[in-house]
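The residues making up each chain are set out below.
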Amino acid sequence: DGSEEGGSPPESRYRRYMTAEPPTEKHPRFRRLAEYLAAKAAGGRLPGRQHIDPAEITDLLPYLVLMDVIPQADGEPRYRIRLMGGEVAAIQGSDATGKFIEDVLTGSEGAEVVRRYAEILRSGQPQYRRGVIATSGREHVHYERVAFPLARDGRNVDMLLFVFAAADKQLP
C-alpha cells in the first residue's frame, strides 16, 4: 500500500503538511517547495535527490540548503552542507557549502540543531523552525525555514532540503 508502518505515505504527509499546517502558508516559498516535493513523492515514498531537477525550481535555488546525512559507525549521523543558496549565504555572511554542521554551529546551539535534524530522520516529516541568525558585526536576521526529508530509496532519509525566508520580527 506504500505506507510505512504506523504512518501515512510520504505524498500524503507532504500534502497534509502543506494544507493543514499554517507555516507553509506563511511564505510562498514553503508552499512551492512542498507542492513540488509532493508531486515527486510517487508511490507513497519520499522523493530523493534524483527526483529533483534544479531547472524546475530555479526561483527557489537562492533560498535552499541541501544537506547530506552521513551515517557514522557510532549510529549518530553527521550532516554536511552540500549546497547553500546564494541568498542564504549572503544573510549568514558566508557560504558554508562543504562544511559539516558542527563546524558551523557549535556548543549547545549545534547540539540542539542536530537533535532537530534527527527528529526529521525518525519521523520522515517536514519540520518548521523560526529562529535568529547571529552574525558577527551585523544585524541579527530573523528567519523561518522548512526542512524536508529526502530519501534515495524512498524510505531512509539520506538528505535534508531546507527552504528559507526572512521572518517578521513581530511574529511570536
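A. Layout of the packing of aromatic side chains. All chains considered together, the criterion is met by 5 aromatic pairs. Geometrically, the ring pair formed by Tyr 79 and Tyr 117 is edge-to-face, given 5.1 Å between the ring centres and 70 degrees between the ring planes. Within this pair, whereas Tyr 79 is found in strand E2 (residues 78-84), its partner Tyr 117 is found in helix H6 (residues 107-123), the two being separated by 38 residues in sequence. In this pair, the class of Tyr 79 matches that of Tyr 117, namely buried. One Lys or Arg, Arg 29, reaches over the ring of Tyr 63 and ends 3.4 Å from the middle of that ring. One cation-aromatic arrangement involves Arg 78 over Phe 100; the distance from NZ or CZ to the ring centre is 3.5 Å.

B. Spotlight on H6. Here H6 spans 25 Å end to end across 17 residues, near enough to the 24 Å set by a 1.5 Å rise per residue. Buried within H6 are the following residues: Gly 110, Val 113, Arg 116, Tyr 117, Ala 118 and Ile 120. The inward-facing, buried residues of H6 contact strand E1 (64-70), E2, helix H5 (101-104), strand E3 (127-133), strand E4 (141-150) and strand E5 (159-166). The positive-phi residue at the C-terminal boundary of H6 is Gly 124, with phi of around 70 degrees.

What counts and how
Residues numbered from 1 in each chain as written. Predicted model: local features only at pLDDT ≥ 70, side-chain atom pairs only at ≥ 80, totals over all residues. Heavy atoms only, no water. Phe/Tyr/Trp six-rings, centres within 6.5 Å; stacked < 30°, edge-to-face > 60°. Helix = DSSP H or I, 4+ residues; strand = E, 2+ residues; numbered from the N terminus. Buried < 20%, exposed > 50% of the residue type's maximum accessible area, 1.4 Å probe, protein only. Lys NZ or Arg CZ within 6 Å of the ring centre and 35° of its normal. Expected span 1.5 Å × (residues − 1). Contact = heavy atoms within 4.5 Å.

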